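Results of the structural survey
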Amino acid sequence: MSLQNVLAEDRRLVVLRLLSEGGFRANESVLRKGLDAFGHRIAHELMRADLAFLQEHGLLRIEVLHPPSGTELWLAQLTDAGDEVARGVSVHPGVARRGPGD
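Residues numbered from 1 in each chain as written. Predicted model: local features only at pLDDT ≥ 70, side-chain atom pairs only at ≥ 80, totals over all residues. Heavy atoms only, no water.

**Some points on the side chain of Glu28**
Tracing the backbone shows Glu28 in helix α2 (residues 28–37). Owing to a relative accessible area of 3%, Glu28 belongs among the buried residues under this scheme. Side chain to side chain, Glu28 and Arg48 meet in a polar contact 2.8 Å long. (Helix = DSSP H or I, 4+ residues; strand = E, 2+ residues; numbered from the N terminus. Buried < 20%, exposed > 50% of the residue type's maximum accessible area, 1.4 Å probe, protein only. Polar contact = N/O pair within 3.5 Å; in protein donor to acceptor, adjacent residues only side chain to side chain.)

What follows is the structure, encoded as structure tokens:
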């Protein structure tokens, strides 16, 4: 497995964990700050690509907000399946497996 794949899978797990531990909903800006705190400094486009991947796999839902500023904002909401992956109850391809004690 390439380093790029390892990093992508870890980012996606961190996103799910942030949502699971932080109230099940967060916007993309908050999630990027959370990823940064875990050592994943990523571009806006990559954040959206990871969120889209997680939505395509039924692990979260995305709501697109159109605030008055005119800048589109994505709001992610964790699904039950995503919460199970975040807590290590189940595993999902493309998302790192939560280890013991994590």
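So, next bit.
**Things to note about helix α1 (residues 3–21)**
Counted at 1.5 Å a residue, the expected span for α1 with its 19 residues is 27 Å, and the 27 Å between its end C-alpha atoms agrees. Every buried residue of α1 is listed here: Ala8, Glu9, Arg11, Arg12, Leu13, Val14, Val15, Leu16, Leu19 and Ser20. Of the surrounding elements, those touching the buried residues of α1 are β1 (25–27), α2, α3 (44–56), β2 (60–65), β3 (73–78) and α4 (80–87). Gly23 occupies a position one or two residues after α1 and carries a positive phi of about 105°. (Expected span 1.5 Å × (residues − 1). Contact = heavy atoms within 4.5 Å.)

**Here we look at the pattern of salt bridges**
Summed over the entire model, instances satisfying the criterion amount to eight salt bridges. The salt bridge partner of Asp50 is Arg11, with a shortest N-O separation of 2.6 Å. Taken together, the residues span a long stretch of sequence, with Asp50 in helix α3 and Arg11 in helix α1 at a distance of 39 residues. Connected through salt bridges with shared partners, the residues Arg11, Arg12 and Asp50 form a single ionic network. (Salt bridge = Lys/Arg side-chain N within 4 Å of Asp/Glu carboxyl O.)

**Side note on the sheet that holds β1**
As summarised here, the arrangement of the three strands in space is β1-β3-β2, forming an open sheet in which the pairing is antiparallel. Each edge of the sheet is formed by a strand with only one pairing partner; in this case those strands are β1 and β2. In this sheet, adjacent strand axes meet at a mean angle of 25° when their direction is disregarded. Across three bridges, the pairing between β1 and β3 is antiparallel. Opposite Asn27, over in β3, you have Leu75 as the bridge partner. On top of the sheet, α3 reaches β2 and β3; it is set at about 130° to β2, its chief contact. (Pairing = 2+ DSSP bridges. Axes fitted to C-alpha atoms, helices over the stretch in contact; angles between N-to-C directions.)

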